[in-house]
Amino acid sequence: MERVHAIMADERYIKRMEEIKQAEQKRKYCRHGYDHLLSVARIAYILSLEEKLDIKKDVIYGTALLHDIARFSELEKKTNHRSAGPVLAEPILKDAGYSDEEVKEMCEAIELHGTFPEDTGTLAAILYRADKLSRNCFECEVTDTCNWPDERKNMKVTE
């Protein structure tokens with residue numbers, strides 16, 4: 001998990017996480033801090049083990065830690081956080097020691113994490129599922145006013 005620790009120690013990552021924290025200070029809906037990112041990582045890793053996928057643990061964790069990196073960024077204002085995410089994540093991943101092939105797969109998963117991919121045995125697919133499963137909509141006090149469609153809300157403990 002050395003490469004994951006390198007991501008978490010990266011000055012760009014630390015700065016973005018602080019900016020996200022500040023932007024969400026008064027947010028009443030789901031937040032995008034370490035609790036969410038680590039929940040996504042852990043759930044994605046469990047899914048990969050259960051489904052016997054050949055995806056390295058530090059690839060799953062690295063992708064999960066960076067999947068919302070573009071939230072509230074200047075780049076997001078020009079596109080959206082899923083499209084902007086790979087732009088911000090790629091240099092961090094490369095500096096953390098991930099190979100070009102791994103970076104490509106991880107950035108693709110970050111870009112696709114809002115859309116369920118057709119191939120369920122991919123990093124993108126488990127990231128998508130873990131992102132949704134990490135949200136406890138069934139206990140949320142503001143779920144009735146949330147802009148997520150009901151079919152995307154996690155209203156029960158699943159999987």
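*Asks:* Mind showing me how you'd approach the environment of phenylalanine 72 here?
*Replies:* Among the structural elements, phenylalanine 72 can be located in the loop between helix 4 (57–66) and helix 5 (74–78). Spatially, the C-alpha atom of phenylalanine 72 lies 7.7 Å from that of glutamate 19, the residues being 53 residues apart in sequence.

*Asks:* Honestly, the nonpolar core in this entry has me stumped. Any pointers?
*Replies:* Nonpolar side chains tend to gather and get buried jointly when the protein is soluble and globular. Within the largest apolar cluster, 34 residues are counted, with the highest numbers of intra-cluster contacts made by Ile7, Tyr13, Leu66, Leu93, Tyr98, Leu123 and Ile126. Sorting the residues of this core by element identifies helix 1 (2–9), helix 2 (11–23), helix 3 (34–50), helix 4, helix 6 (81–96), helix 7 (100–112) and helix 8 (123–133) as the ones contributing at least two each. Other than its neighbours up to four places away in sequence, tyrosine 13 contacts Ile7, Met8, Tyr34, Leu37, Leu65, Leu66, Ile69 and Ile92.

*Asks:* Before we go on, may I ask you to explain helix 8 in this structure?
*Replies:* Note: α-helices contain 3.6 residues per turn, so residues at a spacing of three or four share the same orientation. For helix 8, a buried count of eleven out of eleven residues is recorded, marking the element as mostly surrounded by other parts of the structure. Of the surrounding secondary structure, the elements contacted by the buried residues of helix 8 are helix 3, helix 4 and helix 7.

*Asks:* Looking at this structure, I do not really get the side chain of arginine 3. What am I missing?
*Replies:* Note that arginine 3 resides in helix 1. On the basis of relative accessible area, arginine 3 is assigned to the buried category, the value being 16%. Here glycine 97 takes part through its backbone oxygen, which lies 3.4 Å from a polar atom of the side chain of arginine 3. Not counting the four nearest positions on each side in its chain, arginine 3 is found in contact with Lys56, Asp58, Val59, Ala96, Gly97, Tyr98, Ser99 and Glu102.

*Asks:* Teacher, can you tell me more about the packing of helix 4 against helix 7 here?
*Replies:* Angle between the axes and distance between the axes are the two parameters that describe a pair of packed helices. Close contact between helix 4 and helix 7 brings their axes to 10 Å; oriented N to C, the two are set at 45 degrees. With respect to each other, helix 4 and helix 7 are oriented oblique. Of the two elements, helix 4 crosses helix 7, and the hand of that crossing is right-handed. Contact residues: Asp58, Val59, Gly62, Thr63 and Leu66 in helix 4; Glu102, Met106, Ala109 and Ile110 in helix 7. A class-by-class count of the residues in the contact of helix 4 with helix 7 yields five nonpolar, two polar and two charged.

*Asks:* How should I be thinking about the packing of aromatic side chains in this particular structure?
*Replies:* To describe a pair of aromatic rings, you give the distance between the ring centres and the angle between the ring planes. By the definition in use, this model includes two aromatic pairs. Arranged with centres 6.3 Å apart and planes meeting at 65 degrees, the rings of tyrosine 13 and tyrosine 34 form a pair that is edge-to-face. Within this pair, whereas tyrosine 13 is found in helix 2, its partner tyrosine 34 is found in helix 3, the two being separated by 21 residues in sequence. Residue tyrosine 13 is classed as buried on the basis of its relative accessible area of 0%. For tyrosine 34, a relative accessible area of 34% corresponds to the partly exposed category.

What counts, and at which threshold
Residues numbered from 1 in each chain as written. Predicted model: local features only at pLDDT ≥ 70, side-chain atom pairs only at ≥ 80, totals over all residues. Heavy atoms only, no water. Helix = DSSP H or I, 4+ residues; strand = E, 2+ residues; numbered from the N terminus. Core = buried A, V, L, I, M, F, W, Y, C linked by side-chain atoms within 4.5 Å. Buried < 20%, exposed > 50% of the residue type's maximum accessible area, 1.4 Å probe, protein only. Contact = heavy atoms within 4.5 Å. Polar contact = N/O pair within 3.5 Å; in protein donor to acceptor, adjacent residues only side chain to side chain. Axes fitted to C-alpha atoms, helices over the stretch in contact; angles between N-to-C directions. Parallel < 35°, antiparallel > 145°, perpendicular 65-115°, else oblique. Left-handed = near helix turned anticlockwise from the far one by under 90°. Nonpolar A, V, L, I, M, F, W, Y, C, P; charged D, E, K, R; others polar. Phe/Tyr/Trp six-rings, centres within 6.5 Å; stacked < 30°, edge-to-face > 60°.

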